[in-house]
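Each chain, written out:
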Amino acid sequence: MSQEKKWEPLKKVGIIGVPFEKGQKKYGVSVAPAALRYAGLIQQLSEIDGLDVKDYGDIETPGIEEVKMENMAHLAPVSACNKKLSKRVSEVLRDDRVVVTIGGDHSIGVGTVDGHYQVNNDMILIWVDAHADINTNKTSDSGSVHGMPVALLVKEFCSYWPYLPTMDWQGTLVSLRSVDHYERLAIEKYKIPTFAMEDVEEHGIKKSIEHVLKKLDPENKRPIHVSFDIDSLDALEAPSTGTPVRGGLSLREAINLMEIIYATGRLRAVDLVEINPAIGDESDRKKTIEAGLCVLKAALGFSRRGTAPRGVIDLPVQDPDAQ
Ligand SMILES: [Mn+2]
């Protein structure tokens, strides 16, 4: 017990951009790293108290020859991009920085999780998404890999895949773990701890995420990877995304979720994916990018309280029956 590592939030962060969109069919998601940088990503993160921000630039994989795979589009470019990304993610973590990866579509989650796993093989993965992204090429309607990364990453799905040429580099196989419900078949079968919007209604975002963290890591000792799909937010909050869903998380809930994860001191990797600046009008674009920035800032220690002394806001509620 006395040897237990004490976790503190890392005050150093490394940014990786991944202008990649071949995991889905719409033009524009590859522009997101440039759009976020243009909107002040590096500067805004640098303004967080004591945070040291280093930009590791973009991952680019031009001119990759396609291989044919049934109902799985662009396997070779997806694979090449993720292989490079995985190496870069490991490098940033070895530099002792929290790695922030800006997508790109969600197929890049394969590379970020793989790269993280290479460095911290006891990491836990939290997938925040309107969709479960757990299709294989046999269950997918679209053949787009951005709907498959979870199935590519987990041990329990190995036998559902055919041999995938060009994917041999991938070393990660995260285990699905215990409890609860949702995207019925797979998730129920393997009892992955999840929470859906109904849980957020009933218990609030705070209890929901605390429940999941406790299930995944009861001793609070494992590094955390959050793969955040902007479409987990309600379409009103983040309209510029390829598969928007109404009735999703509010931005406040997402911020609160990230603040809670930040407070554990164990967050080591965050992906922000599926922002598509080519969808919607100027106001949609602005809203979506701002939402993304708010989510990242919350994950990295930005305080909504500013410098107001806590006690002023947390006034004790008077019991009317006392006295
Ligand atoms: Mn996703």
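Residues numbered from 1 in each chain as written. Predicted model: local features only at pLDDT ≥ 70, side-chain atom pairs only at ≥ 80, totals over all residues. Heavy atoms only, no water.

Structural notes on the coordination of the manganese ion
For step 1, the next point in the chain: Protein coordination of the manganese ion is provided by His106 (ND1), Asp129 (OD), Asp133 (OD) and Asp229 (OD), with donor distances spanning 2.0 to 2.2 Å.
For step 2, the next point in the chain: Read from N- to C-terminus, the donor residues coordinating the manganese ion fall into the pattern H-x22-D-x3-D-x95-D. With His106 in the loop between β3 (98–103) and α4 (109–119) and Asp133 in the loop between β4 (124–128) and α5 (149–153), the pair connects residues that are 27 residues apart, well separated along the chain. The same class applies to His106 as to Asp133, namely buried. (Donors = N, O, S within 2.8 Å, 3.2 Å for Na, K, Ca; no water. Helix = DSSP H or I, 4+ residues; strand = E, 2+ residues; numbered from the N terminus. Buried < 20%, exposed > 50% of the residue type's maximum accessible area, 1.4 Å probe, protein only.)

Structural notes on the UniProt feature "binding site: Mn(2+)" (unreviewed entry) in the protein
For step 1, the next point in the chain: Mapped onto this numbering, the UniProt entry annotates "binding site: Mn(2+)" (unreviewed entry) at His106, Asp129, His131, Asp133, Asp229 and Asp231. A stretch of 126 residues holds the annotated residues, and the largest C-alpha distance among them is 11.9 Å, short enough that they meet in one place.
For step 2, the next point in the chain: Within the secondary structure layout, Asp129 lies in the loop between β4 and α5.
For step 3, the next point in the chain: Within the structure, Asp129 has its side chain in polar contact with the side chain of His106 (distance 3.0 Å).
For step 4, the next point in the chain: A residue is classified by how much of its surface remains accessible, and Asp133, at 7% relative accessible area, is buried.
For step 5, the next point in the chain: With residues near it in sequence (within four places) discarded, Asp133 still touches His106, Trp127, His146, Gly147, Met148, Pro149, Val150, Ala151 and Asp229.
For step 6, the next point in the chain: Reaching out from Asp133, the side chain makes a polar contact with the side chain of Trp127 at a distance of 3.0 Å. (UniProt positions renumbered as here; feature names shortened; annotations may be inferred. Polar contact = N/O pair within 3.5 Å; in protein donor to acceptor, adjacent residues only side chain to side chain. Contact = heavy atoms within 4.5 Å.)

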